[in-house]
Amino acid sequence: MNSVSQKHIALISVHGDPAVEIGKEEAGGQNVYVRQVGEALAELGWQVDMFTRKASASQQKIVQHSANCRTIRITAGPEEFVPRDNLFKHIPEFVEQMLEFQQESGIEYEIVHTNYWLSAAVGMELKKVQGCKQVHTYHSLGAVKYKSVSTIPMIAKTRLAVEKEVLETAQRIVATSPQEQEHMRSLVSTKGNIDIIPCGTDIDRFGKVQQHQARQQLGINPDTKVILYVGRFDFRKGIETLVRAVAQSKLRGNADLKLIIGGGSRPGQSDGKERERIEGIVNELGMQDFTVFPGRLGDDDLPTYYAAADVCVVPSHYEPFGLVAIEAMASYTPVVASDVGGLQYTVVSEKTGLLAPPKDNDAFATAIDRILSDSEWRDQLGCAARKRVEDMFSWDGVAAQLSKLYTQLLEEPVIVSKDEAVATA
Ligand code: UDP
């Protein structure tokens, strides 16, 4: 590992702090991705600094994750929570502070790996000033997202422009699934270099607990059919589809059901409001007796919940990757997911779970019933799911692929594009 041991890399995640609690508003897959990738790269010998925006005065400026991996919080804008759509105006300050940090510490990053379009803007600026190389992961594409929302935010134009520019100018774009790559090509630009490297999960953490042990811990009867949702409370996660599908399943005679809807929320904030809306539907459909909301599931709870479930449902309207699907699969739990985005890559319909059209309550009900009514097939799906994750989606495997990519990039000469050459002339 000597070849990479001296190399400093920066992972930039302006709004997705890798050191915070996951499962609350705006803290989900991206935070997990950055932290896991950072920690695994550090194990491979890289010196990893993960930069994020300081979102509260009480947060520590530097959080050390391991000897070679730390989170560095940059003050850019007020030290309080700011929704991501309002963060772009603070990007110049973020860049300035990052440059200052490098000057003070004497570190210069040869590679910056940016996450989400806000960080892409930081990376493109650093590239201009310092000549570093940029790798970018989108996590979400504006061009896809804006097709599915009724109100387009003011920031949309800027975001779409940044997303196009980074695709065309970054040394490498990391698509996390072939589906995401296809969207980049068809909706953003035909220019630019894309590699497919998926997201991953910790295969040692999940899949250790047996279903009966997990149920004992959670006080769930062995014969109850357990349906699980894990994730943020966000309208686009499609939790309403799941609730309505389970109501149908119950009507069709599935007597002993339990629906667990896990995820954190804050009263009065957008996730709190979505949870209230979902609870309203649960009550309206008379499902209170068999539906529970355990709140945010911490790192220690998650493996138990996934193991206890007969099926995990991911009903998102769109999902660029969807970590929850592979976490459930790693826990031997089959997944019923929307037939969209990265879920089409992770879930193999009829082999590791079932895919259903998004927002289609009937199709979700039928898929859930098929799995719940055949426990032998359910177990076969669960074993195939685990195998698929072991083969394709472990963090260590993902980090090894990223490490190889960075090493290749460091060896490549910097090619100045014609436009850049003209601009600097
Ligand atoms: N998560 C968690 N606790 C919760 C809810 C979610 O730790 O109560 C984690 C979940 O395990 C997963 C991540 O948040 O690792 C969600 O990632 P995903 O890609 O599924 O969705 P995103 O939040 O990125 O839309």
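Residues numbered from 1 in each chain as written. Predicted model: local features only at pLDDT ≥ 70, side-chain atom pairs only at ≥ 80, totals over all residues. Heavy atoms only, no water.

As recorded in an unreviewed UniProt entry, the protein goes by Glycosyltransferase family 1 protein and comes from Gloeocapsopsis crepidinum LEGE 06123.

Our focus in this paragraph is the sheet that holds strand β10 (residues 257–262). Ordered in space as β11-β10-β9-β12-β13-β14, the 6 strands form an open sheet in which the pairing is parallel. Looking at which strands have only one partner, the edges of the open sheet turn out to be β11 (291–295) and β14 (353–356). In this sheet, adjacent strand axes meet at a mean angle of 20° when their direction is disregarded. Here strand β9 (residues 225–230) runs beside strand β12 (residues 311–314); their pairing, made up of 2 bridges, is parallel. Looking at β12, one finds that Leu-228 is bridged to Cys-312. Docked against the sheet, helix α9 (residues 239–251) engages β9, β10 and β12, running at close to 175° with respect to β10. Contacting β9, β12 and β13 (335–338), helix α12 (residues 323–330) runs over the sheet at an angle of about 170° to β12. (Pairing = 2+ DSSP bridges. Helix = DSSP H or I, 4+ residues; strand = E, 2+ residues; numbered from the N terminus. Axes fitted to C-alpha atoms, helices over the stretch in contact; angles between N-to-C directions. Contact = heavy atoms within 4.5 Å.)

Another aspect to go through is the domain arrangement of the protein. Taken as a whole, the protein is organised into domain 1 (2–200 + 394–424) and domain 2 (211–392). Between the C-alpha centres of domain 1 and domain 2 the distance comes to 30 Å. With 29 residues of domain 1 in contact, the opposing surface of domain 2 contributes 21 residues. Buried area between domain 1 and domain 2, summed over both chains or domains, comes out near 2100 Å², and the portion from carbon and sulfur atoms is 56%. A salt bridge links Asp-299 to Arg-35; the nearest nitrogen and oxygen atoms lie 4.0 Å apart. At the boundary of domain 1 and domain 2, one finds 1 residue pair in polar contact (both at pLDDT 80 or more). Mapped by element, the contributors of at least two residues to the side of domain 1 that touches domain 2 are α2 (29–43), α5 (142–145) and α7 (178–188). Broken down by element, the side of domain 1 that touches domain 2 gets its largest block of residues, 4 residues, from α7. For the side of domain 1 that touches domain 2, a count of residues per class yields 10 nonpolar, 11 polar and 8 charged. (Domains from an automatic or database assignment. Buried area = accessible area lost by both parts, 1.4 Å probe. Salt bridge = Lys/Arg side-chain N within 4 Å of Asp/Glu carboxyl O. Polar contact = N/O pair within 3.5 Å; in protein donor to acceptor, adjacent residues only side chain to side chain. Nonpolar A, V, L, I, M, F, W, Y, C, P; charged D, E, K, R; others polar.)

Right, let's talk about the pattern of salt bridges for a bit. Enumeration over the complete set of coordinates arrives at 25 salt bridges. Notably, a salt bridge pairs Arg-236 with Asp-234, separated by 3.2 Å at the nearest N-O pair.

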